[in-house]
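If you want the building blocks of each chain, they are given just below.
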Amino acid sequence: STERAIDLVEARTGKTRLRIPLSPKQGKSRHFRAVDFSPDGKQLLVGCLQGGSLSIYDTATGAPVVEWDSPRTDFARFNRTGTLILDINLSRELTVREPASGRILWNRKPFGRALFTSGDHVIASDGNTLRRLDARTGAVLPPLPPLRGRLFTMALSPDDSTLFYAGSADVFVRGMRLADGVVTFEQALTESPASWPTVALSADGAKVFGAVTDDGRKTVIRVWDTATGSRLRTLRGHDGDLESVAI
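Residues numbered from 1 in each chain as written. Predicted model: local features only at pLDDT ≥ 70, side-chain atom pairs only at ≥ 80, totals over all residues. Heavy atoms only, no water.

Notes on the overall build of the protein
Convention followed: Only runs of H or I of at least four residues qualify as helices and only runs of E of at least two qualify as strands under DSSP, and these elements are numbered from the N terminus. Exposure classes here rest on a 1.4 Å probe applied to the protein chains alone. A residue is buried below 20% of its type maximum, exposed above 50%, and partly exposed in between. When checking whether two residues touch, look at their non-hydrogen atoms; a contact exists if any pair is within 4.5 Å.
Assigned secondary structure in the protein consists of zero helices and 21 strands. Counting over 247 residues, the protein shows a buried share of 47%. When contacts within the protein are restricted to residue pairs at least 6 apart in sequence, long-range pairs at least 24 apart make up 36% of them.

Focus: the environment of lysine 15
Inspection of the secondary structure puts lysine 15 in the loop between strand S1 (5-9) and strand S2 (16-21). Other than its neighbours up to four places away in sequence, lysine 15 contacts Leu8, Val9 and Glu10.

Section: the sheet that holds strand S4 (residues 43-47)
We count it as follows: Pairing between strands is defined by DSSP: at least two bridges between them are needed. For helices, the fitted axis covers only the stretch in contact; all axes are lines through C-alpha atoms, and the angles between them, taken along N-to-C directions, range from 0 to 180 degrees.
With antiparallel pairing, four strands are arranged side by side in an open sheet as S3-S4-S5-S6. At either margin of the open sheet sits one strand with a lone partner, and together these are strand S3 (34-37) and strand S6 (64-69). This sheet shows a mean twist of 10° between the axes of neighbouring strands, independent of strand direction. For S3 and S4, the ladder comprises four bridges, and the chain directions are antiparallel. Directly across from valine 35, in S4, lies its bridge partner valine 46.

Regarding the nonpolar core
Formally: Nonpolar cores are built from buried Ala, Val, Leu, Ile, Met, Phe, Trp, Tyr and Cys residues. Side-chain atoms within 4.5 Å join them into one set.
Counting residues in hydrophobic clusters, the biggest one holds 26 residues, and the most contacted among them are Leu86, Leu94, Val122, Leu130 and Leu163. Counting only elements with at least two residues in this core, the list comes to strand S8 (85-89), strand S9 (94-97), strand S11 (113-116), strand S12 (121-126), strand S13 (129-134), strand S14 (153-156) and strand S15 (162-166). With sequence-adjacent residues up to four places away left out, leucine 130 is seen in contact with Ile123, Ala124, Ser125, Leu144, Pro145, Leu147, Leu163, Met176 and Leu178.

Topic: the sheet that holds S11
Note on sheets: strands pair through backbone hydrogen bonds, and any given pair is parallel or antiparallel. Here three strands make up an open sheet; going across it, the order is S11-S12-S13 and the pairing antiparallel. Every other strand in the sheet has two partners, leaving S11 and S13 as the edge strands with one partner each. Sheet twist, expressed as the average angle between the axes of neighbouring strands with direction ignored, equals 20°. Note that S11 and S12 share four bridges and pair antiparallel. Note that in S12 the partner of phenylalanine 116 across the bridge is valine 122.

Observations concerning the pairing of strand S7 (residues 73-78)
Burial of S7 is extensive: six of the six residues sit out of reach of the surface. As judged from the five bridges shared by S7 and S8, these two strands associate in the antiparallel manner. Paired with phenylalanine 75 across the strands is isoleucine 88, a residue of S8. Connecting S7 to the antiparallel partner S8 that follows it, the hairpin turn spans six residues, and glycine 82 within it adopts a positive phi of roughly 75°.

Side note on the side chain of aspartate 36
Applied cut-off: Under the counting rule used here, the positive set is Lys and Arg, the negative set is Asp and Glu, and His together with the chain ends is not counted. Here, a salt bridge means any Lys or Arg side-chain nitrogen found within 4 Å of an Asp or Glu carboxyl oxygen. Distance and chemistry together define a polar contact, namely a pair of N or O atoms within 3.5 Å, with one atom able to donate a hydrogen and the other to accept it when in protein, and with adjacent residues in sequence counting only for side-chain atoms on both sides.
Relative to the helices and strands, aspartate 36 resides in strand S3. Despite its burial, aspartate 36 pairs with no opposite charge; the closest candidate is arginine 77, at 4.2 Å N-O. A polar contact of 2.9 Å, which involves the side chain of aspartate 36, links it to the backbone nitrogen of phenylalanine 78.

Section: the pattern of salt bridges
Evaluated as defined, the whole model comprises eleven salt bridges. Aspartate 126 is the salt-bridge partner of arginine 92, the closest N and O atoms lying 3.0 Å from each other. With arginine 92 in the loop between S8 and S9 and aspartate 126 in strand S12, this pair connects stretches of sequence that are 34 residues apart. Under the relative-accessibility criterion, aspartate 126 is labelled partly exposed at 31%. Two residues, glutamate 98 and arginine 103, come together in a salt bridge whose shortest N-O distance is 3.0 Å. With a relative accessible area of 47%, arginine 103 lands in the partly exposed category. Within this structure, Glu98, Arg103 and Arg136 form a network of salt bridges that share partners.

Digging into unusual backbone geometry
Note: most peptide bonds trans; most residues except glycine with negative phi. Of the consecutive residues lysine 109 and proline 110, the connecting peptide bond is found in the cis state with omega at 0°. Summarising the element assignment, proline 110 is placed in the loop between strand S10 (104-108) and S11. In this structure, arginine 92 takes a positive phi of about 65° despite not being glycine.

Put into structure tokens, the structure is as follows:
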């Protein structure tokens with residue numbers, strides 16, 4: 001943000017719970033597109049697109065816990081136990097490391113987005129192609145079904161059965177069953193030209209959140225029931241580009 005800080009906001013009230021000053025390294029950076037909470041909510045992973053570092057902050061105190069050089073981070077995620085993190089830079093290089101030390105376990109390219117499963121795998125995308133990788137070694141495992149269009153953002157259901165994703169071309173949110181490639185969910189995020197779609201799921205997988213910024217730099221967030229596809233809420237009011245969402 002222009003205030004060089006991270007705001008933690010209460011979801012129910014909209015009140016700012018904590019303002020975290022950026023670390024000295026990240027204070028010189030721009031375009032913070034990568035953000036993710038640890039599974040227990042006690043840490044926040046933040047990466048920046050231009051300059052700076054990949055950093056982990058304590059969500060109770062705001063203090064930086066650990067950080068390392070990663071000056072062009074486009075995407076970053078914890079695994080579901082908080083014992084590994086992955087990040088992807090602008091060169092489309094996927095890196096998996098241990099968050100406590102930053103020690104790199106492996107890296108591989110080219111990938112634009114990736115997520116950990118609840119087990120020992122990483123699901124990574126290159127356009128409309130999905131790959132399943134071993135989380136500890138990076139070994140390539142049997143392929144997954146192709147996507148309907150080029151993927152820009154994705155989220156995985158808690159049981160690892162369904163991948164929710166949005167592309168930068170048609171800005172639809174889709175849910176695809178990984179076992180057979182069947183699309184079980186499809187909703188338009190917006191009817192006007194837009195960019196930077198973001199998809200996230202509630203912890204129980206019952207709701208899918210889609211956010212996008214239109215050409216007028218107005219942001220809309222839609223919330224759907226994942227089982228029925230019914231739209232539950234439409235949230236507006238944020239001006240300017242929205243580049244990342246964590247729930």
